[in-house]
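An overview of the molecular structure
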Amino acid sequence: QVQLVESGGGLVQPGGSLRLSCAASGIIFRIYAMGWSRQAPGKQRELVARVNSAGGTNYGDSVKGRFTISRDNAKNTVYLQMNSLKPEDTAVYYCHAGRGSDYIWGQGTQVTVSS
């Protein structure tokens, strides 16, 4: 089965940090581009970060300098380290994997930034 399972979400105070994990199965992980997107209530889903199969990364403007995406091909896992969190980072965070026309999405994990 093809599956992406996110974990690590939760409640954190502004300025705090969280580390999200996404474990992939059913795909040849190393050849897929991996990424994180997020969606807040009433807003469109937006790309947060992406890492391609060669390790190159891209970030949304709103998270540059605060978030870091990384991948561990030996563990079939992609991570999102989130630092200096802001209330506007509150959203459901979705892991995704893509290669050519193939695209897979996880179920999401809630991140809430609030004091």
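Only a predicted model underlies this, so the values are computations on that prediction, with no experimental measurement involved.

Scoring rules and cut-offs
- Residues numbered from 1 in each chain as written.
- Predicted model: local features only at pLDDT ≥ 70, side-chain atom pairs only at ≥ 80, totals over all residues.
- Heavy atoms only, no water.
- Core = buried A, V, L, I, M, F, W, Y, C linked by side-chain atoms within 4.5 Å.
- Buried < 20%, exposed > 50% of the residue type's maximum accessible area, 1.4 Å probe, protein only.
- Helix = DSSP H or I, 4+ residues; strand = E, 2+ residues; numbered from the N terminus.
- Phe/Tyr/Trp six-rings, centres within 6.5 Å; stacked < 30°, edge-to-face > 60°.
- Lys NZ or Arg CZ within 6 Å of the ring centre and 35° of its normal.
- Disulfide = S-S within 2.5 Å.
- Contact = heavy atoms within 4.5 Å.
- 1 Å grid on protein atoms, 1.4 Å probe; cavity = no way out; pocket = protein on both sides within 12 Å on 5 of 7 lines; lining within 4 Å.
- Points joined across faces, edges and corners; volume = space filled by probe spheres on them.
- Nonpolar A, V, L, I, M, F, W, Y, C, P; charged D, E, K, R; others polar.

Attention now goes to the nonpolar core. One finds Met34, Trp36, Val78, Leu80, Met82 and Tyr93 to be the most contacted residues of the largest nonpolar core, which totals 29 residues. Listed by contribution, the elements that provide at least two residues to this core are strand S3 (18-25), strand S4 (33-39), strand S5 (46-51), strand S7 (67-72), strand S8 (77-82), strand S9 (91-99) and strand S11 (109-113).

Ring pairs (aromatic) are described by centroid distance and by the angle formed between their planes. For the coordinates displayed, the defined rule picks out one aromatic pair. Note on tyrosine 103 and tryptophan 105: the rings are 5.9 Å apart at their centroids and 45° apart in plane angle, and the pair reads as tilted. Lying across the ring of tyrosine 79, arginine 19 places its NZ or CZ 4.1 Å from the centre. The positively charged end of arginine 45 is found above the aromatic ring belonging to tryptophan 105, 4.6 Å away from the centroid.

Enumeration according to the criterion identifies one disulfide in this entry. Sulfur-sulfur distance for the disulfide between cysteine 22 and cysteine 95 comes to 2.0 Å. Across the disulfide from cysteine 22 to cysteine 95, rotation about the S-S bond amounts to roughly -80°, and the bridge is consequently left-handed. Placement of cysteine 22 in strand S3 and of cysteine 95 in strand S9 is noted, with a sequence separation of 73 residues between them. Overall, the relative accessible area of 0% leaves cysteine 22 in the buried class.

Turning our eyes to something else, we now look at the environment of serine 25. Following the sequence through the fold, serine 25 ends up in strand S3. On the basis of relative accessibility, which here comes to 31%, the residue serine 25 falls in the partly exposed class. Among residues more than four places away in sequence, those in contact with serine 25 are Gln1, Val2 and Gln3.

Scanning the model with the defined rule gives one cavity of 30 Å³ or more in all. Lining the largest cavity are Arg38, Gln39, Ala40, Lys43, Gln44, Glu46, Glu88, Thr90 and Ala91. Per-class residue counts for the lining of the largest cavity are two nonpolar, three polar and four charged.

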